[in-house]
Amino acid sequence: MTDPRPSLSPLLAPPPETPKWRTAGAAVACGLLYGLVVYGLVRWQAPDSGMLLIAFLLGAPIAACGIAVAVSDPRGVKGVGSHASTSALTVTIMLVCAGVVLREGAVCLVMAGPIFYGVGILGGVVGGAIMRQARGRLLGLSLLVLPLIGVPVEADRPPQPETRQVETRIHIDAAPEVVWARMIDIRQIGADEHRWNFSHDIVGIPRPKDARMEGAGVGAVRRLEWADGVRFEEHITGWAPGRELVWTFHIAPEAQTRMLDEHLRVDSDYLKLEEGRYRIEPTADGGSDLVLTTRYWIRTPINSYAAFWGGIFLGDFHRNVLGVIRDRAEADGQDTGHRA
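Below: a short report on this structure. Every value quoted in this text rests on a predicted model; they were computed, and no experiment measured them. (Residues numbered from 1 in each chain as written. Predicted model: local features only at pLDDT ≥ 70, side-chain atom pairs only at ≥ 80, totals over all residues. Heavy atoms only, no water.)

## Focus: the packing of helix α3 (residues 54-72) against helix α5 (residues 106-131)
Reasoning step 1: Direction vectors running N to C along α3 and α5 enclose 40°, while the axes themselves pass 7 Å from each other. Taken as axis vectors, α3 and α5 run oblique relative to one another. Crossing geometry of α3 relative to α5 is assigned as right-handed. When α3 is examined against α5, the residues Phe 56, Leu 57, Leu 58, Pro 61, Ile 62, Cys 65, Val 69 and Ala 70 are found in contact with a partner set consisting of Ala 112, Ile 115, Phe 116, Val 119, Gly 120, Gly 123, Gly 124, Gly 128 and Met 131.
Reasoning step 2: Grouping the constituent residues of the contact of α3 with α5 by class yields 13 nonpolar, four polar and no charged. (Axes fitted to C-alpha atoms, helices over the stretch in contact; angles between N-to-C directions. Helix = DSSP H or I, 4+ residues; strand = E, 2+ residues; numbered from the N terminus. Parallel < 35°, antiparallel > 145°, perpendicular 65-115°, else oblique. Left-handed = near helix turned anticlockwise from the far one by under 90°. Contact = heavy atoms within 4.5 Å. Nonpolar A, V, L, I, M, F, W, Y, C, P; charged D, E, K, R; others polar.)

Printed below as a string of structure tokens:
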């Protein structure tokens with residue numbers, strides 16, 4: 001005989017499990033929200049920091065990934081792999097949103113990327129381990145406060161400045177006077193004269209297009225044009241035909257925001273281009289070594305890390321320009337030899 005009483009099994013059944021994609025989405029969203037709060041704090045407290053505050057570069061990804069791991073695994077039962085993948089996903093979306101929504105440029109994202117991934121994944125894994133401890137949640141919450149405290153404290157304590165330089169050398173099978181002629185004027189650089197490199201082809205830093213000298217000797221001005229409408233001047237401070245050319249940079253504010261990144265201006269409280277120099281050294285084979293040196297000044301909490309990227313970006317630019325000069329000078333030398 002069938003029992004007329006209603007069954008209680010539906011009431012006692014466990015609630016349906018939340019889909020994994022929804023849990024992951026909520027976790028990443030919470031992490032992104034916190035990262036946005038820290039970003040806004042940086043922009044408010046240190047608008048001219050160039051996004052190179054340790055409190056942001058370290059604190060934001062650590063805290064955001066820690067939050068994402070806590071939301072996706074509130075009981076702390078998942079493994080290291082799950083926590084690491086959640087953290088990596090959080091950092092990836094943070095960087096994408098920074099570029100698309102907050103309009104951070106490629107240079108900022110490339111420089112921040114290794115730090116964000118490194119400390120973010122580490123923070124997520126360590127945060128997951130902390131949650132397994134009895135007092136883990138209290139300790140985890142205390143870590144979230146560190147960036148909020150660190151940003152205003154760090155903004156009031158400017159770091160020490162340093163002067164750095166990048167030097168690049170190339171050998172040219174042409175006499176010093178031929179190299180000099182091609183060095184002071186580098187007009188109408190064609191697309192086929194450029195060389196592939198990371199800075200221009202991957203990051204998207206504008207390539208040089210034209211450099212025209214007006215006048216001669218100390219006090220002359222060379223006017224330069226790069227892609228994307230970047231125009232600036234080099235004022236000559238040293239002039240030794242066939243041997244050396246020295247200049248200082250004069251870059252208008254509009255060109256500064258296009259040269260590297262809107263938030264990484266090359267004449268600011270944290271970065272200044274100080275001097276450029278070509279030096280021609282005759283070689284025993286009748287050719288020349290051409291050396292291009294750029295000296296710059298930086299003041300960031302991570303000068304060594306910033307200088308590492310400065311070496312990459314300036315080195316790529318140097319090799320590109322030196323390659324154009326070499327090809328043109330060697331072609332001129334061959335023509336001179338044929339005419340002789």
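## Description of the sheet that holds strand β1 (residues 162-172)
The strands making up a sheet are joined through hydrogen bonds of the backbone, oriented either antiparallel or parallel.
Reasoning step 1: Read across the open sheet, the seven strands follow the order β1-β7-β6-β5-β4-β3-β2; overall the sheet is antiparallel. The strands lining the two open edges of the sheet, one partner per strand, are β1 and β2 (208-214). Strand-to-strand, the axes of this sheet are offset by a mean angle of 20°, without reference to chain direction.
Reasoning step 2: Sheet topology note: the strand β3 (residues 221-226)/strand β4 (residues 230-240) ladder contains six bridges and is antiparallel. Considered in β4, the bridge of Glu 225 is made with Arg 231. (Pairing = 2+ DSSP bridges.)

## Examining the pairing of β2
Reasoning step 1: In the sheet, β2 pairs with β3 via six bridges, with the strands oriented antiparallel. Among the inter-strand pairings, Ala 211 is bridged to a residue of β3, identified as Leu 224.
Reasoning step 2: If you look at the hairpin formed by β2 and β3, you'll find six residues sitting between the two strands, and Gly 215 has a positive phi there, around 95°.

## Considering the nonpolar core
Reasoning step 1: The biggest cluster of nonpolar side chains holds 50 residues, and the ones touching the most others in it are Met 183, Leu 245, Tyr 278, Leu 290 and Ile 325.
Reasoning step 2: In terms of residue count, helix α10 (residues 303-339) provides more of this core than any other element does, eleven residues in total.
Reasoning step 3: With 20 residues, the next largest nonpolar core counts Phe 56, Ala 64, Met 94 and Leu 144 among its residues. (Core = buried A, V, L, I, M, F, W, Y, C linked by side-chain atoms within 4.5 Å. Buried < 20%, exposed > 50% of the residue type's maximum accessible area, 1.4 Å probe, protein only.)

Just distances and angles here, no functional claims.
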